[in-house]
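Observations on the model geometry
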Amino acid sequence: MKTVRTVADLRAALQPPRRAGRTIGLVPTMGALHDGHLELIRRARAGCDEVVVSLFVNPAQFNDPGDLDAYPRDERRDADLAAQAGADLLFAPPVGEVYPPGFATKVVVSGPLTETLEGAHRGPEHFHGVTTVVTKLLCMCLPDVAFFGQKDAQQALVVRRLVRDLDLPVHIETVPTVREDDGLARSSRNVHLQGADRDRAVALSRALRAAEGAVAAGERDAAAVRERALAAMTHFDVEPEYLALVDPETLEPVAEVDGEPVLVAVAAHVGSTRLIDNTLLTPSPGAPR
Ligand code: AMP
């Protein structure tokens, strides 16, 4: 696996495979790679001829400077893991390559997709930072397919809208969430979970399982499903920042879980670590009521 740091070198490295008609897959990451990222890379390896992993901790999407400073960084380790998972090229630009002096453009997806849930709690600038850097990465690399995790369901939705609205010629592939054995969604931030907080962090996935259990048992009232999920979190003494049942396409709140898929999205601080998770409820028509 080769590492490149400039847009010019990335384009030069991709020119021969592109000319040869080989498909290019891009996996955008902020590094501190874990099995969730590696699953994205493996999917890209399986579906594309040339696999590019980008590694860029994007300052523009951090609403909290402390979070940016504390973000785990280890490029050597990331490069080894990306290579083992099948990456051909690591694109690891410095901040000045992505945001050169005089940089003045922002890509904004407006409306509820970016203003609710994460947008409401981290501020709209978070998604503006994401959409700006994702647009840039797509333009730099011009992949056929870009891979995103369902773990960040709202981000994947926003990216799909961005690609559709701007007619970007790329297919967005969403990969299911990879979890620890106890259900905790893998996240670069999990390294900050110490001692009892690591045990309490399971509260988010337990809440999602409780919501799934309630629906499987026939509950259809969204508020009642939410109460069951909330109770599971309270058991671990974790209070959600938000815990919402929403339409997975519009993110509008839903009143009922009845036939159509419903996204349950949750965010919570466990100690000083902010975690998010989600699941898609898909009650089958034959399920008990
Ligand atoms: P990040 O480095 O946190 O920006 O994540 C890079 C990509 O990996 C994003 O598309 C995330 O949604 C995805 N990702 C992060 N954690 C997981 C996970 N546990 N399972 C699947 N994908 C993930």
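Predicted model only: the values in this text are computed from it and were never measured. Each residue is numbered by its place in its chain's sequence as written, counting from 1. Totals for whole chains, interfaces and linings use every residue, but because this is a predicted model, local features are given only for residues with pLDDT of at least 70 and side-chain atom pairs only at 80 or more, for both listing and counting. Neither water nor hydrogens contribute to the side-chain values; these are computed over all heavy atoms in the structure.

1. Some details on the domain arrangement of the chain
Each assigned domain of the chain is listed with its residue range as follows: domain 1 (2–175) and domain 2 (188–278). Domain 1 and domain 2 are separated by 26 Å when their C-alpha centres are compared. On the domain 2 side, the residues contacting the 23 residues of domain 1 number 19 residues. What counts as a salt bridge is simple: a side-chain nitrogen of Lys or Arg found within 4 Å of a carboxyl oxygen of Asp or Glu. Taken together, the links from domain 1 to domain 2 amount to two salt bridges. For Asp67, the salt bridge is made with Arg189, and the minimal N-O distance between the two is 2.9 Å. The term polar contact refers here to a pair of N or O atoms within 3.5 Å; inside protein, the definition further demands a hydrogen-donor-capable atom paired with an acceptor-capable atom, and it admits residues adjacent in sequence only when both atoms are side-chain atoms. Counting every contact that joins domain 1 to domain 2 gives nine residue pairs in polar contact (both at pLDDT 80 or more). The domain limits used here are those given by an automatic or database domain assignment. The contact rule is simple, with two residues in contact once any of their heavy atoms fall within 4.5 Å.

2. Some remarks on the nonpolar core
We define a nonpolar core as any set of buried Ala, Val, Leu, Ile, Met, Phe, Trp, Tyr and Cys residues linked to one another through side-chain atoms lying within 4.5 Å. Throughout, exposure labels follow a simple rule: accessible area from a 1.4 Å probe, protein chains only, divided by the maximum for the residue type, with under 20% read as buried, over 50% as exposed, and the rest as partly exposed. Ranked by internal contacts, the top residues of the largest apolar core, which has 44 residues, are Leu10, Val52, Phe91, Val134 and Leu138. Helix and strand definitions follow DSSP, with helices as H or I runs of at least four residues and strands as E runs of at least two, each counted in order from the N terminus. Of all the secondary-structure elements, those providing two or more residues to this core are helix H1 (7–19), strand E2 (24–29), strand E4 (89–91), helix H8 (124–141), strand E5 (145–149), helix H9 (153–165), strand E7 (240–246) and strand E8 (262–270). Counting residues per element, this core draws most heavily on H8, which supplies eight residues. Each of domain 1 (2–175) and domain 2 (188–278) gives at least three residues to this core. Counting residues in each nonpolar core, the second largest holds 27 residues, with Ala201, Leu204, Ala229 and Leu281 among its members.

3. As for empty space enclosed by the protein
Note on definitions: the grid is 1 Å and covers protein atoms alone; a cavity is a set of points where a 1.4 Å probe fits but cannot get out; a pocket is an open set with protein on both sides within 12 Å along at least five of seven lines; lining residues have an atom within 4 Å of a point. Grid points are joined across faces, edges and corners, and a volume is the space filled by probe spheres set on the points. Inspection of the entire model under this criterion finds one cavity of 30 Å³ or more. Of the pockets and cavities examined, the largest cavity occupies roughly 40 Å³. Lining of the largest cavity is provided by Lys151, Leu184, Ala185, Ser187, Asn190, Ala201, Leu204, Leu275, Ile276 and Asp277. Partitioning the lining of the largest cavity into residue classes produces six nonpolar, two polar and two charged. Three classes are used, and their members are as follows: Ala, Val, Leu, Ile, Met, Phe, Trp, Tyr, Cys and Pro are nonpolar, Asp, Glu, Lys and Arg are charged, and the others, Gly among them, are polar.

4. Some thoughts on the site of the ligand
Taken together, 17 residues sit near the ligand, with Met30, His37, Asp152, Val178 and Arg186 positioned nearest. A distance of 2.6 Å separates an oxygen atom of the ligand from a polar side-chain atom of Asp152. Note on areas: Shrake-Rupley, 1.4 Å probe, and residue coverage restricted to the protein chains presented here. Contact with the protein chains removes 93% of the 490 Å² of surface that the ligand exposes when unbound. Elements supplying a minimum of two residues to the shell around the ligand: E2, helix H2 (35–47) and E5. A per-element tally of the shell around the ligand places H2 first, with three residues. Looking at the shell around the ligand residue by residue, the classes come out as seven nonpolar, seven polar and three charged. The nearness test applies per residue and asks whether one of its heavy atoms lies within 4 Å of the molecule or strand.

5. As for H9
With 13 residues, H9 ought to run about 18 Å at 1.5 Å a step, and its terminal C-alpha atoms sit 18 Å apart, in line with that. Of the positions making up H9, those classed as buried are Ala153, Gln154, Gln155, Ala156, Leu157, Val158, Val159, Leu162 and Val163. By definition here, a helix of n residues has an expected span of 1.5 Å times n minus one.

6. Overview of the side chain of His126
Within the secondary structure, His126 sits in helix H8. Owing to a relative accessible area of 6%, His126 belongs among the buried residues under this scheme. Side-chain polar atoms of His126 contact the backbone oxygen of Gln61, separated by 2.8 Å.

7. Focus on unusual backbone geometry
Backbone geometry at Ala32 places phi at a positive 50°, although glycine is not the residue there. Looking at where Ala32 falls in the secondary structure, it is placed in the loop between E2 and H2. Positive phi values are uncommon outside glycine, yet Leu142 reaches one of about 50°. Within the secondary structure, Leu142 is located in the loop between H8 and E5.

8. Points about the side chain of Ser187
Relative to the elements of secondary structure, Ser187 occurs in the loop between strand E6 (171–175) and helix H10 (196–200). With a relative accessible area of 14%, Ser187 lands in the buried category. Apart from the residues lying within four places of it in its own chain, the contact partners of Ser187 are His34 and Lys151.

9. Overview of the environment of Val225
Among the structural elements, Val225 can be located in helix H12 (residues 222–235). Taking relative accessible area as the criterion, Val225 reaches 0% and is therefore assigned buried. Each C-alpha atom, one on Val225 and one on Asp277, is 16 Å from the other, the two residues being 52 residues apart in sequence. Beyond its immediate sequence surroundings of up to four residues, Val225 is in contact with Ala211, Ala214, Val215, Glu219, Leu245, Val257 and Leu281.

10. Description of the environment of Asn190
For Asn190, the position within the fold is in the loop between E6 and H10. Relative accessible area serves as the criterion here: at 12%, Asn190 is assigned to the buried category. As a C-alpha pair, Asn190 and Ala201 span 11 residues in sequence and 8.8 Å in three-dimensional space. With residues near it in sequence (within four places) discarded, Asn190 still touches Glu180, Leu184, Ala185 and Leu275. Among the polar contacts listed, one links the side chain of Asn190 to the backbone oxygen of Ala185, at a separation of 3.0 Å.

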